Amino acid sequence: MGDKRQRARVQGSWAASLPKPAPSAKVGGAGGNIGSPGASVFQTGAWGEGQQMFKFHQPAKPLRDIPAEKVIKDAGDYEISHGPSGVSRLRLIPGFLPQTEADWVFAQLYAELPWSQKTNFRLGQAYLEPRLTCWYGDLPYTYSNSKRQANPQWHAVLNNLKDMVEQASRYSFNSLLCNLYRDGKDSIAWHSDNEPSLGPHPTIASLSLGDTRCFSMRKKPAPEENGDYTYVEKLRIPLVHGTLLIMEGATQEDWQHQVAKEYHDRGPRINLTFRTIYSEAQSRGALGDRQGSQQ
Ligand SMILES: O=C(O)CCC(=O)C(=O)O
């Protein structure tokens, strides 16, 4: 049995039975260990009678290709999927803020916003978010099991940006989550912006300022994949200074996104995500409507 295992390890389990060794060869005898100088599998032991042939079997499931990550970097409207939850759409507008304006806005917001590090909770364990944030809106915002209190005191620069983003997107927003990635080690993990307070099919408009970071997206796997993301579609969008990205339709239901840590130097980056938050009563109503229309 030991011989069989050893032979399978050295030659692969598809190897055919080998000829019987010469009677003088001894198992574990001097010089007979694999790995010792001059050792050979032919020297390691006598093959018993009735050895089986090893045959290669095709895997039961056909091998699947892992889809290549697609890169989106040009201005345009992209329908990234058509699923049971609807169409998921992205709109990318590089240069939404011209360079000098973007430089000025970045400097103002970096210096003047009340940045702080929020504590979140996962499985009852507290952890600090690996970035700084601040929140604007008449309603509080709860995500990752902790709450950002309502803050109706919008900075004047943010009010102007909200008007510009609303005009370009033709959506209106009542809230803003600001993220400050201090360097390449700051990040945001895989998630969807799908809290009940955002209502069904939320539109998120995300303005990036400062150093370029890679915004990654991955499609949520079908139920039969049991949470395995290996074979899902993936997208990468480099978000450069002054770029506006709008996520619409079923994007938050059918996709996740992240900004991963990078292990080479990155300067600071500010990301402003304009959203619409509904009160508890409003979101209960919105979910009720949606469930009704799906039946
Ligand atoms: O920084 C970004 O581009 C993404 C931010 C984000 O995913 C979020 O605030 O939910």
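Here goes a summary of the coordinates provided. All figures in this text were calculated on a predicted structure; none of them were measured in a lab.

## Here's the deal with the site of the ligand
Phase 1: Near the ligand lie 14 residues; those nearest to it are Asn179, Tyr181, His191, His257 and Arg269.
Phase 2: In this structure, an oxygen atom belonging to the ligand sits 2.5 Å away from a side-chain N or O atom of Tyr181.
Phase 3: One nitrogen or oxygen atom from the side chain of Arg275 is found 3.1 Å from an oxygen atom belonging to the ligand.
Phase 4: For the shell around the ligand, the elements supplying multiple residues, two or more each, are β9 (175–181), β10 (188–191), β15 (255–259) and β16 (269–275).
Phase 5: Here the residues of the shell around the ligand sort into six nonpolar, five polar and three charged.

## Notes on the nonpolar core
Phase 1: Counting 28 residues, the largest nonpolar core has Leu109, Leu158, Leu161, Cys178, Leu209, Leu272 and Phe274 as the members making the most contacts within it.
Phase 2: When residues of this core are traced back to their parent elements, those giving at least two are α2 (99–112), β6 (132–137), α3 (156–169), β9, β11 (204–210), β14 (243–249) and β16.
Phase 3: Sequence-distant contacts of Leu158, that is, excluding residues within four places in its chain, are made with Leu109, Leu113, Tyr136, Leu176, Cys178, Leu272 and Phe274.
Phase 4: Judged by nonpolar contacts, the second largest core, of 16 residues, contains Ile80, Leu90, Ile204 and Val259.

## Thoughts on the packing of aromatic side chains
Phase 1: One pass over the structure, following the stated rule, counts five aromatic pairs.
Phase 2: Between Tyr136 and Trp154, the ring centres sit 5.7 Å apart and the planes meet at 45 degrees, which makes this aromatic pair tilted. Of the two residues, Tyr136 sits in strand β6 while Trp154 sits in the loop between β8 (146–148) and α3, which places them 18 residues apart along the sequence. Each member of the pair, Tyr136 as well as Trp154, is classed as buried.
Phase 3: An angle of 50 degrees between the planes, with centres 6.3 Å apart, marks the rings of Phe173 and Phe274 as tilted. Placement of the pair is Phe173 in the loop between α3 and β9 and Phe274 in strand β16, with a sequence separation of 101 residues. For the pair formed by Phe173 and Phe274, the shared burial category is buried.
Phase 4: In this structure an aromatic cluster arises from ring pairing among Trp135, Tyr141 and Tyr143.
Phase 5: Sitting over the face of the ring of Trp154, Lys162 holds its NZ or CZ atom 5.8 Å from the ring centroid.
Phase 6: One Lys or Arg, Arg218, reaches over the ring of Tyr229 and ends 3.6 Å from the middle of that ring.

Conventions used here
Residues numbered from 1 in each chain as written. Predicted model: local features only at pLDDT ≥ 70, side-chain atom pairs only at ≥ 80, totals over all residues. Heavy atoms only, no water. Near = heavy atom within 4 Å. Polar contact = N/O pair within 3.5 Å; in protein donor to acceptor, adjacent residues only side chain to side chain. Helix = DSSP H or I, 4+ residues; strand = E, 2+ residues; numbered from the N terminus. Nonpolar A, V, L, I, M, F, W, Y, C, P; charged D, E, K, R; others polar. Core = buried A, V, L, I, M, F, W, Y, C linked by side-chain atoms within 4.5 Å. Buried < 20%, exposed > 50% of the residue type's maximum accessible area, 1.4 Å probe, protein only. Contact = heavy atoms within 4.5 Å. Phe/Tyr/Trp six-rings, centres within 6.5 Å; stacked < 30°, edge-to-face > 60°. Lys NZ or Arg CZ within 6 Å of the ring centre and 35° of its normal.

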